[in-house]
Amino acid sequence: MSTHDDRAAGGDSPPPAPAPRLRLADREQLLPPLPRDDLLSDDHQARLVWRFVAGIDRTDWYARRRAVEG
């Protein structure tokens, strides 16, 4: 039987947390007949927002999800 002290001393470690079960948007999906990149100009502010959101570290947010794979 393992205790917290055993794990700290190099004993059994807890199993990894299961991955969150999420539905992710398909950002490569095309809207007929134009790809999404053709819908906005290269300097449109929506592109700045998209780059910002894509760069956010969501690790802690995913770790708190209760719906997980398995």
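Predicted, not measured: the structure shown is a model, and the values here were computed from it.

## Side note on the overall build of the chain
And then number 1: Helix and strand counts for the chain stand at three helices and zero strands.
And then number 2: Tracing the chain from N to C terminus, the helices and strands come up as α-α-α.
And then number 3: Counting across all 70 residues of the chain, residues that qualify as buried make up 1%.
And then number 4: A total accessible area of about 6900 Å² is found for the chain, and carbon and sulfur atoms account for 55% of it.

## Overview of the packing of aromatic side chains
And then number 1: Inspection of every chain in the model, using the stated rule, returns one aromatic pair.
And then number 2: Between Trp61 and Tyr62, the ring centres sit 5.4 Å apart and the planes meet at 65 degrees, which makes this aromatic pair edge-to-face.
And then number 3: The ring of Trp61 has Arg65 sitting right over it, with the charged end atom 4.1 Å from the ring centre.

## What about a nonpolar patch on the surface?
And then number 1: Together, Val49, Phe52, Val53 and Ile56 make up a nonpolar patch on the protein surface, roughly 370 Å² of accessible area in all.
And then number 2: Topologically, Val49 is positioned in helix H2 (residues 45–54).
And then number 3: Since its relative accessible area comes to 52%, Val49 is described here as exposed.

## Observations regarding the side chain of Arg47
And then number 1: Structurally, Arg47 is set in helix H2.
And then number 2: By relative accessible area, Arg47 is classed as buried at 18%.
And then number 3: Of note is the side chain of Arg47, whose polar atom sits 2.8 Å from the backbone oxygen of Ser41.
And then number 4: With residues up to four places along the chain from it excluded, the contact list for Arg47 reads Asp37, Leu40, Ser41 and Asp42.

Definitions and limits used
- Residues numbered from 1 in each chain as written.
- Predicted model: local features only at pLDDT ≥ 70, side-chain atom pairs only at ≥ 80, totals over all residues.
- Heavy atoms only, no water.
- Helix = DSSP H or I, 4+ residues; strand = E, 2+ residues; numbered from the N terminus.
- Buried < 20%, exposed > 50% of the residue type's maximum accessible area, 1.4 Å probe, protein only.
- Areas by Shrake-Rupley, 256 points an atom, 1.4 Å probe, with all protein chains shown as cover.
- Phe/Tyr/Trp six-rings, centres within 6.5 Å; stacked < 30°, edge-to-face > 60°.
- Lys NZ or Arg CZ within 6 Å of the ring centre and 35° of its normal.
- Patch = residues over 30% accessible without salt bridge, like charges linked within 9 Å, V, L, I, M, F, W, Y side chains within 5 Å.
- Salt bridge = Lys/Arg side-chain N within 4 Å of Asp/Glu carboxyl O.
- Polar contact = N/O pair within 3.5 Å; in protein donor to acceptor, adjacent residues only side chain to side chain.
- Contact = heavy atoms within 4.5 Å.

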